[in-house]
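Now for the letters of each chain:
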Amino acid sequence: MTSSLATLYSFRRCPYAIRARLAILFAELQVELREVVLKDKPAQMLAISPKGTVPVLQIRDGTVIEESMDIMIWAFEQQDCQRLIASELDYKDPAEELIKRNDKEFKYWLDRYKYAERHTEMTQAEYQLQGEVFLQQLESLLTKHRYLLGEQPSLADIAIMPFVRQFAHVDRKVFDKLPYPHLQGWLQRWLEHPIFIQSMTKFPPWQEGDEALVFPSLPLSQDLLRH
């Protein structure tokens, strides 16, 4: 780890890691990014986090943060320039309940929808319908305002969007035909957002001895943050 930056172990496509990277970008922070190959996890990561899941953040004092939501909160506690966890959008209410439902219920059905061949108790179409229960809640929220909790992005949007993206990408043609126009528009705006695009930059897997990779390499402009 460099002397001045926290180190983030990440995997580009993991929705938990995506939300952590988004938080770091929106908080206008920089970290040393180490891209992980899940089939060959680096010993340095396993030494600080034996459970072996990403993301993992090690801050300058050696403290290890192993949960994606805790990394997000850490980032915004350092700097919340966009007021994503401002008092009116407090993490504990209502964003917390929405995120909890995403992580506990929606993720359960999402995994089964995506890997239906491994979970033969139900058909893929049945798993899709179970996942849609949460999507219907998001659609209802988005009929009222541009983002999940208001006219500006909140912690809930950043935490939930990577999972909706994963659901949509199981079969994009199917997703695009679902009766959720506000949700589809919300997702598409995120997919085109410069911050999301930057969060998905491809980097080679990290190996011991590599030069530190600073992420993002340059401070973000306010125009990008307010896209």
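See the structure printed just above.
Asker: Run through the side chain of Lys-107, naming residues and quoting values.
Answerer: Its location among the elements puts Lys-107 in helix H4 (residues 91-114). Dropping the residues within four chain positions of it, Lys-107 is found in contact with Tyr-16, Asn-102 and Phe-163.

Asker: Quick one: what's the story with empty space enclosed by the protein, residue by residue and with numbers?
Answerer: Applying the stated criterion across every chain, the model contains one cavity of 30 Å³ or more. The computed volume of the largest cavity comes to approximately 30 Å³. Residue lining of the largest cavity: Ser-10, Arg-12, Arg-21, Leu-33, Glu-35, Ser-199, Thr-201, Phe-203 and Phe-215, and that is the complete set. A per-class count over the lining of the largest cavity returns three nonpolar, three polar and three charged.

Asker: Give a description of the layout of surface pockets that names residues and reports values.
Answerer: Approximately 870 Å³ is the volume attributed to the largest pocket. What lines the largest pocket is a set of 33 residues, among which Cys-14, Pro-15, Tyr-16, Val-54 and Lys-107 lie closest to the centre. When contributions to the lining of the largest pocket are tallied by element, the ones reaching two or more residues are helix H1 (15-26), helix H3 (68-78), H4 and helix H6 (155-170). Partitioning the lining of the largest pocket into residue classes produces twelve nonpolar, six polar and 15 charged.

Asker: An account of helix H5 (residues 124-142) is needed here, citing residue identities and associated values.
Answerer: Between its first and last C-alpha atoms H5 spans 26 Å; for 19 residues at 1.5 Å apiece the expected length is 27 Å, and the two agree. At Val-133, H5 is bent by approximately 30°, the largest bend along its length. Along H5, the residues that are buried comprise Tyr-127, Gln-128, Gly-131, Glu-132, Phe-134, Leu-135, Leu-138, Glu-139, Leu-141 and Leu-142.

Asker: Residue-level account of a positive patch on the surface, with values.
Answerer: A cluster of basic residues, Arg-13, Lys-114, Arg-118 and Lys-202, forms a positive patch on the protein surface. Position of Lys-202 relative to the elements: it lies in the loop between helix H9 (194-199) and strand S5 (214-215).

Asker: How would you summarise the sheet that holds strand S4 (residues 64-65) if you had to cite specific residues and measurements?
Answerer: Taking strand neighbours across the sheet as the criterion, the five strands line up as S4-S3-S1-S2-S5 in an open arrangement whose pairing is mixed. Two strands bound the open sheet, and with one partner strand each, they are S4 and S5. Sheet analysis places strand S2 (residues 31-35) next to S5, joined by two bridges and oriented antiparallel. Considered in S5, the bridge of Val-31 is made with Phe-215. Packed on one face of the sheet, H1 meets strand S1 (7-10), S2 and S5 and runs near 145° to S1.

Asker: Account for the pairing of S1, with residues named and values stated.
Answerer: Where burial is concerned, the two faces of S1 agree: the one with Thr-7 and Tyr-9 and the one with Leu-8 and Ser-10 are both buried. Across four bridges, the pairing between S1 and S2 is parallel. Its bridge partner being in S2, Ser-10 is matched across the sheet by Glu-35. Taking the sense of rotation as the criterion, the β-α-β connection linking S1, H1 and S2 turns out right-handed. In this sheet, strand S3 (residues 56-58) lies alongside S1 in antiparallel orientation, the contact comprising three bridges.

Asker: A description of the packing of aromatic side chains should follow, citing residues and the corresponding values.
Answerer: Using the criterion set out here, one finds ten aromatic pairs in the structure. Look at Tyr-16 and Phe-163: their rings are 5.0 Å apart centre to centre, the planes differ by 75°, and that puts the pair in the edge-to-face class. Of the two residues, Tyr-16 is situated in helix H1 and Phe-163 in helix H6; the sequence distance between them amounts to 147 residues. With relative accessibility at 24%, the residue Tyr-16 sits in the partly exposed group. Measuring from ring centre to ring centre gives 4.9 Å for Tyr-108 and Trp-109, while their planes differ by 90°; the resulting arrangement is edge-to-face. For Tyr-108, a relative accessible area of 39% corresponds to the partly exposed category. Geometry around Trp-206 places Arg-34 over its ring, the cationic atom sitting 4.1 Å from the centre. Positioned above the aromatic ring of Tyr-108, the side-chain terminus of Arg-112 is 3.6 Å from the ring centre.

What counts and how
Residues numbered from 1 in each chain as written. Predicted model: local features only at pLDDT ≥ 70, side-chain atom pairs only at ≥ 80, totals over all residues. Heavy atoms only, no water. Helix = DSSP H or I, 4+ residues; strand = E, 2+ residues; numbered from the N terminus. Contact = heavy atoms within 4.5 Å. 1 Å grid on protein atoms, 1.4 Å probe; cavity = no way out; pocket = protein on both sides within 12 Å on 5 of 7 lines; lining within 4 Å. Points joined across faces, edges and corners; volume = space filled by probe spheres on them. Nonpolar A, V, L, I, M, F, W, Y, C, P; charged D, E, K, R; others polar. Expected span 1.5 Å × (residues − 1). Bend = angle between axes of the 7 residues up to and from the residue. Buried < 20%, exposed > 50% of the residue type's maximum accessible area, 1.4 Å probe, protein only. Patch = residues over 30% accessible without salt bridge, like charges linked within 9 Å, V, L, I, M, F, W, Y side chains within 5 Å. Areas by Shrake-Rupley, 256 points an atom, 1.4 Å probe, with all protein chains shown as cover. Salt bridge = Lys/Arg side-chain N within 4 Å of Asp/Glu carboxyl O. Lys, Arg positive; Asp, Glu negative; His and termini not counted. Charge placed at Lys NZ, Arg CZ, Asp CG, Glu CD. Pairing = 2+ DSSP bridges. Axes fitted to C-alpha atoms, helices over the stretch in contact; angles between N-to-C directions. Right-handed = clockwise from strand over helix to strand, strands pointing away. Phe/Tyr/Trp six-rings, centres within 6.5 Å; stacked < 30°, edge-to-face > 60°. Lys NZ or Arg CZ within 6 Å of the ring centre and 35° of its normal.

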